[in-house]
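Overview (structure and organization)
Residues per chain, in single letters:
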Amino acid sequence: MQKIIASLVLSLAAVAAQAEKPQSVTLNIQNMTCSMCPITVKKALDQMPGVSRTSIDFEKKTATVAFDADKTSAAALTKATTDAGYPSTVRK
Ligand SMILES: [Cu+2]
């Protein structure tokens, strides 16, 4: 019985690991001119499904976003900031 539970826990962990495909992308953000802008950009990104973490660098005008590749994409993220008034491109 214990063996069955142990293998069940292991397979559950494997499923959980597979379900999430974390990916990270850095975007170059245009139009961030004042200290309020990063808040707007962050909000636009955070509301996207699958986004787990967003950090904005106001000095470098970039946003680094951790997201689940099953739920969203880099293209959807650049569209989100663009729709919010901050056109962005994926930094290569
Ligand atoms: Cu601003």
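Further up the page is the structure itself.
A brief look at the structure comes next. (Residues numbered from 1 in each chain as written. Predicted model: local features only at pLDDT ≥ 70, side-chain atom pairs only at ≥ 80, totals over all residues. Heavy atoms only, no water.)

**Some words on the overall build of the protein chain**
For the protein chain, the count of helices and strands is three helices and four strands. When the elements of the protein chain are put in sequence order from the N terminus, they spell out α-β-α-β-β-α-β. Residues classed as buried in the protein chain amount to 28% of the 92 residues present. Taking all contacts inside the protein chain whose residues are at least 6 apart in sequence as the whole, residues at least 24 apart take part in 62%. (Helix = DSSP H or I, 4+ residues; strand = E, 2+ residues; numbered from the N terminus. Buried < 20%, exposed > 50% of the residue type's maximum accessible area, 1.4 Å probe, protein only. Contact = heavy atoms within 4.5 Å.)

**Focus: the environment of Ile29**
One can find Ile29 in strand 1 (residues 22-29). For the pair Ile29 and Ser88, spaced 59 residues apart in sequence, the C-alpha to C-alpha distance is 4.5 Å. Beyond its immediate stretch of four places on either side in the chain, Ile29 contacts Val41, Lys61, Thr62, Ala63, Thr81, Tyr86, Pro87 and Ser88.

**Some details on the coordination of the copper ion**
Summarising the metal site, the copper ion is bound by the protein donors Cys34 (SG) and Cys37 (SG), whose distances to it range over 2.1 Å. A relative accessible area of 35% means that Cys34 is categorised as partly exposed. What makes Cys37 buried here is its relative accessible area of 6%. (Donors = N, O, S within 2.8 Å, 3.2 Å for Na, K, Ca; no water.)

**What to know about unusual backbone geometry**
Negative phi characterises most residues that are not glycine, and trans characterises most peptide bonds. One non-glycine residue with positive phi stands out, namely Asn31, at about 75°. Secondary-structure assignment places Asn31 in the loop between strand 1 and helix 2 (37-46). Non-glycine residue Lys61 carries a positive phi angle of around 60°. Residue placement: Lys61 occurs in the loop between strand 2 (51-57) and strand 3 (62-68).

**Notes on the packing of aromatic side chains**
Per the stated rule, a full pass over the model turns up zero aromatic pairs. The residue whose ring lies beneath Lys61 is Phe58, and the NZ or CZ to ring-centre distance is 4.1 Å. (Phe/Tyr/Trp six-rings, centres within 6.5 Å; stacked < 30°, edge-to-face > 60°. Lys NZ or Arg CZ within 6 Å of the ring centre and 35° of its normal.)

**Structural notes on the pattern of salt bridges**
Using the criterion set out here, one finds three salt bridges in the structure. Taking the shortest distance from any N to any O, the salt bridge between Lys42 and Asp46 comes out at 3.0 Å. With Lys42 and Asp46 both in helix 2, this residue pair falls four residues apart, about one helical turn. With relative accessibility at 32%, the residue Lys42 sits in the partly exposed group. (Salt bridge = Lys/Arg side-chain N within 4 Å of Asp/Glu carboxyl O.)

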